[in-house]
Amino acid sequence: MKNNGISAGNIMLLTFVLGAFFVWIAESFLEFLWFNHALSSFLEILFPLYRPHEMLMRIILVSSLLVSGGIVSHLYGKLALSEKKSRESENDLRITFKSIGDAVVATNADGRITRMNPVAERLTGWSVKDAIGVSLPEIFKIINAQTREGCESPVDKVLRTRKTVGLSNHTVLISRSGEEFQISDSASPIITEDGDIAGVVLVFRDVTEEYSREKELNRLRNYLSNIIDSMPSIIVGVDPHGRVTQWNMSAQEDTGITTNDAIGQNLSDVFPRMVMEMDKVRESVRTRKAQYELRKPRKCEDGLCYEDITIFPLIANGVEGAVIQVDDVTEQFNLEQMMIQTEKMMSVGGLAAGMAHEINNPLAAIAGNTQNIKNRIYKDLRQNTETASECDISLERMRNYLSKRDIPRMLEGIAESCNRAAKIVSNMLRFSRKSDKRFSECDLAKLMDNTIELAANDYDLKKEYDFRKIGIVKEYSDELPSVYCEENEIQQVLLNLLKNGAQAMNEKEYDEGGPCFILRLKRDDDMACIEVEDNGPGIPEDIRNRVFEPFYSTKGVGHGTGLGLSVSYFIIADQHNGIMDVDSVPGSWTRFGVRIPISC
Ligand SMILES: Nc1ncnc2c1ncn2[C@@H]1O[C@H](COP(=O)(O)OP(=O)(O)OP(=O)(O)O)[C@@H](O)[C@H]1O
Ligand SMILES: [Mg+2]
């Protein structure tokens, strides 16, 4: 390139040399034609050696021509070289611009386009030819992808701030043809050596694919965390060092610690009751097998709660750790216990009924024979006097002897015990009696009121305590229709519950207030619900499971048979296809619940 520049100067210098040579010859020729007074030869005129001043003049003329030619051709050579250089650099710039994979647009200080590369042409839809001189916002129309509102031109911002600015993540470029491209990148000021802004260069990239990939990724991430959050189980992800990597909504609710606060923390700090499980987590990661701990009891506000804990290893490549899933199965556990209880009671109930049948005959014989003995000794029957005289015995003296030996009291005792046993047997027989019931429509509110009256009379007689001193709050719902049931049997259940409650409350010392029943009647879907709640001493957790068992009683011998609740349970569960349960807070209250279908 340098050579080419010099040769342009050399050519000019040669031209000047030839010019000087031509001027020498031309001057000689003109002198030969018109000023040759001495009739000299052309050669003498061409080289006027005999006229030194003429020769000197010519030499000065030609020399000055050659010197100025030399200067001019040197300058010309330089100019040509620099022009060539700038042409070459422009060419280089154009090729570089063309080769850049990103779109590049340059503007002058007024924000008008001065250059743009083919990628920019494709994305904006403007050809360089059309775009040159046009102000940037006209060819570079950008909006926010989410709000669809126009964005400020980055060039204006750069010119104002003199700093490089980036575009927001959601910028969409609308091309001349209306096509939309998700773009990203930046605009920078072009600062001259003097520190002035000569323009702005905008570099941007079509990120439509990346953007939609990222959007899809975000959507999937949200979807997954939504699934995890919507699960009723507590889900906690941990790495092998016990640091939390995942924390769902249920975990937040259980611990009161937000996901942001929990992630990255030690499991022992944010979920202390899971510390014991860390060995299982390690085991699960090592063996790549799930670990289970079922029905794990723990203390909670309402007493004992039960949890199923499952630990799954994370088996995706490159991910180490485990997921802990905790499910509260207290309700399920209680239901299972209740079913076991029911099974047990049904079989004990069957056994009791069978026994009652068997006991019934000998009992009838004992009772009948006791009555007969009494009749044959104390009744003034003809047969008694005849047989006594046959045996030569005085009835009076025999009666006197028996009295002295306390036999009449013993016979009374036998009769009384027989009565008691008969009552028990008749209760036990209820376990099996099912067929001869008379079901009818029954108004539960009326039935409850009658039973309260019945209970009050019953206890007045015994004088153990005054039922009327017990406060009664009635919460009867108007929505409860009449219920199809065996009225006498349901009354028996209510009476048992009131009796038990009254007896229990009698045992308690009240600091303030006094014994009180809350009696509720309501409707739950197609079931009628009866609740009998007392504010007595409550039933301890370990006893609560046993109160429905036949013959289970905490009352001393002679005070309770332990059949009241078991008979009630059978009446509800077996004869009415209902549910009977109990809830209690020891020291505060006991609530028995009865649910029977409104219609069979
Ligand atoms: N409201 C209550 N409050 C506290 N404990 C109760 C209550 N109701 C029942 N219980 C407990 O349940 C046990 C069983 O009751 P259940 O009615 O079956 O028999 P019982 O009352 O002992 O005997 P019976 O009913 O023959 O008089 C009772 O002994 C008592 O310990
Ligand atoms: Mg009872």
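Residues numbered from 1 in each chain as written. Chains lettered and ligands numbered in written order. Predicted model: local features only at pLDDT ≥ 70, side-chain atom pairs only at ≥ 80, totals over all residues. Heavy atoms only, no water.

By definition, the strands of a sheet pair up through backbone hydrogen bonds, in either a parallel or an antiparallel sense. As summarised here, the arrangement of the 5 strands in space is β9-β8-β12-β11-β10, forming an open sheet in which the pairing is antiparallel. In this open sheet, the two strands that pair with only one neighbour each are β9 (244–247) and β10 (291–300). Between one strand axis and the next, the sheet turns through 25° on average, direction left out of account. Summarising the sheet, strand β8 (residues 234–238) and strand β12 (residues 322–328) pair through 5 bridges and their orientation is antiparallel. Considered in β12, the bridge of G237 is made with V323. (Pairing = 2+ DSSP bridges. Helix = DSSP H or I, 4+ residues; strand = E, 2+ residues; numbered from the N terminus. Axes fitted to C-alpha atoms, helices over the stretch in contact; angles between N-to-C directions.)

Bringing the sheet that holds strand β14 (residues 471–476) into the picture now. Overall, mixed pairing links the 5 strands, which are arranged β14-β16-β17-β19-β18 in an open sheet. Every interior strand has two partners, whereas the edge strands, β14 and β18 (579–585), have only one. Neighbour-to-neighbour, the strand axes of the sheet open up by a mean angle of 15°, direction not taken into account. Note that β18 and strand β19 (residues 589–597) share 7 bridges and pair antiparallel. From the neighbouring strand, D583 faces β19, where its bridge partner is R591. Together, β18 and β19 form the strand contacts of helix α20 (residues 564–575), whose direction differs from that of β18 by roughly 135°. (Contact = heavy atoms within 4.5 Å.)

What the domain assignment lists for the protein is domain 1 (2–96), domain 2 (102–213), domain 3 (235–328), domain 4 (334–430) and domain 5 (440–597). Computed over C-alpha atoms, the centres of domain 3 and domain 5 are 43 Å apart. (Domains from an automatic or database assignment.)

Right, let's talk about the state of the cysteines for a bit. Scanning the entire structure with this criterion turns up 1 disulfide. The disulfide that involves C300 links it to C305, with 1.9 Å between the sulfurs. A torsion of 75° about the S-S bond marks the disulfide between C300 and C305 as right-handed. You can call C300 partly exposed: its relative accessible area is 21%. In this model C442 remains outside any disulfide bridge; the closest cysteine sulfur is found in C485, 3.9 Å from its own. (Disulfide = S-S within 2.5 Å. Buried < 20%, exposed > 50% of the residue type's maximum accessible area, 1.4 Å probe, protein only.)

Let's shift gears to the environment of P189. With respect to the helices and strands, P189 occurs in strand β6 (residues 180–191). Under the relative-accessibility criterion, P189 is labelled buried at 16%. Residues P189 and Y292, 103 residues apart in the sequence, show an inter-C-alpha distance of 64 Å. Beyond its immediate chain neighbours, meaning those up to four positions away, P189 contacts V158, R162, K163, T164, I197, G199 and V200.

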